[in-house]
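Observations on the three-dimensional arrangement
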Amino acid sequence: MTPFRIGHGFDVHALVPGRKCIIGGVDIPFHLGLDGHSDADVLLHAICDALLGAAALGDIGKHFPPSDMRYHGIDSRELLRHVVTFIHAQQYLIANIDATVMCEAPRLGPFTPTMCEQIASDCNISVQQVNIKATTTEKLGFTGRGEGIAAETVCLIYRNA
């Protein structure tokens, strides 16, 4: 079995009134929030998918289906901690996580250090193993029009031998 595995994750959620804007486990002050079955944390969902994909364990929808009311409104940090438990059970550890969040607003730069700290804590890794970038799409597409937020993530895991 290959000792190193790469995973890729992508997620998108619509921005809507009346919801919190939680990204990377951080409650971002903004007049719109992310719509979804859970807290709709687009970044943590992409990270979960990257980790699950790297370990060949399916995707977030397989493990936490939106049809299951146990996950309605759930804090996505809890989902991430479960995913880390799943990959540890397969004898994998996380080497690094690199992610990009795409949105015109809110501005995320001031919050990325806290996001990295939260993610590192939930994944049982050092903050130096987590990198979060925020970018705009130059007003193009649904993110550029402020209709939603997208996140893309890659990770490297390795066999704990």
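All of the points below concern the structure found in this document.

What counts and how
- Residues numbered from 1 in each chain as written.
- Predicted model: local features only at pLDDT ≥ 70, side-chain atom pairs only at ≥ 80, totals over all residues.
- Heavy atoms only, no water.
- Pairing = 2+ DSSP bridges.
- Helix = DSSP H or I, 4+ residues; strand = E, 2+ residues; numbered from the N terminus.
- Contact = heavy atoms within 4.5 Å.
- Axes fitted to C-alpha atoms, helices over the stretch in contact; angles between N-to-C directions.
- Buried < 20%, exposed > 50% of the residue type's maximum accessible area, 1.4 Å probe, protein only.
- Polar contact = N/O pair within 3.5 Å; in protein donor to acceptor, adjacent residues only side chain to side chain.
- Core = buried A, V, L, I, M, F, W, Y, C linked by side-chain atoms within 4.5 Å.
- Salt bridge = Lys/Arg side-chain N within 4 Å of Asp/Glu carboxyl O.

A closer look at the sheet that holds strand E5 (residues 92-102)
On the basis of which strands lie adjacent, the open sheet formed by five strands has the order E4-E1-E7-E5-E6 and mixed pairing. The sheet is open, and its two borders are formed by strand E4 (33-34) and strand E6 (130-135), each paired with just one other strand. As paired strands, strand E1 (residues 4-16) and E4 are joined by two bridges and run antiparallel to one another. What sits directly across from Val-16, in E4, is Gly-33. Strand contacts of helix H1 (residues 42-54): E1, E4, E5, E6 and strand E7 (148-159), with the helix running at about 155 degrees to E1, the strand carrying the most contacts.

Side note on unusual backbone geometry
Cis rather than trans, the peptide bond between Ala-105 and Pro-106 has omega equal to 5 degrees. Inspection of the secondary structure puts Pro-106 in the loop between E5 and helix H4 (112-123). In this structure, Gln-91 takes a positive phi of about 70 degrees despite not being glycine. Of note, the phi angle at Asn-124 is positive, near 60 degrees, even though the residue is not glycine. Locating Asn-124 in the fold gives a position in the loop between H4 and E6. Asn-124 sits in the exposed class, given a relative accessible area of 60%.

A few points about the side chain of Arg-77
By secondary structure assignment, the location of Arg-77 is in helix H3 (residues 76-89). Of the polar contacts made by the side chain of Arg-77, one reaches the side chain of Asp-122; its length is 2.6 Å. Each residue touching Arg-77, except ones within four places of it in the same chain, is listed here: Gly-25, Leu-44, Gln-118, Ser-121 and Asp-122.

Describing the nonpolar core
By size, the foremost hydrophobic cluster in this structure holds 48 residues, and its most contacted members are Ile-23, Leu-43, Leu-51 and Ile-119. Broken down by secondary-structure element, the contributors of at least two residues to this core are strand E2 (21-23), strand E3 (26-28), H1, H3, E5, H4, E6 and E7. Per-element accounting of this core gives the leading share, 10 residues, to H1. Contact partners of Leu-43, with chain neighbours within four places excluded, come to Ile-23, Gly-24, Ala-99, Val-101, Met-115, Ile-119, Ile-132, Ala-151 and Thr-153.

Considering the pattern of salt bridges
Within this structure, the stated rule accounts for six salt bridges. In this structure, Lys-133 and Asp-98 form a salt bridge, with 2.7 Å as the shortest nitrogen-oxygen distance. Of the two residues, Lys-133 is situated in strand E6 and Asp-98 in strand E5; the sequence distance between them amounts to 35 residues. In this structure, the salt-bridge partner of Arg-145 is Glu-147, at a minimum N-O distance of 2.8 Å. On the basis of relative accessible area, Arg-145 is assigned to the exposed category, the value being 54%. If you follow the salt bridges from partner to partner, you end up with Arg-77, Arg-81 and Asp-122 in one network.

Taken by themselves, the reported measurements are silent on function.
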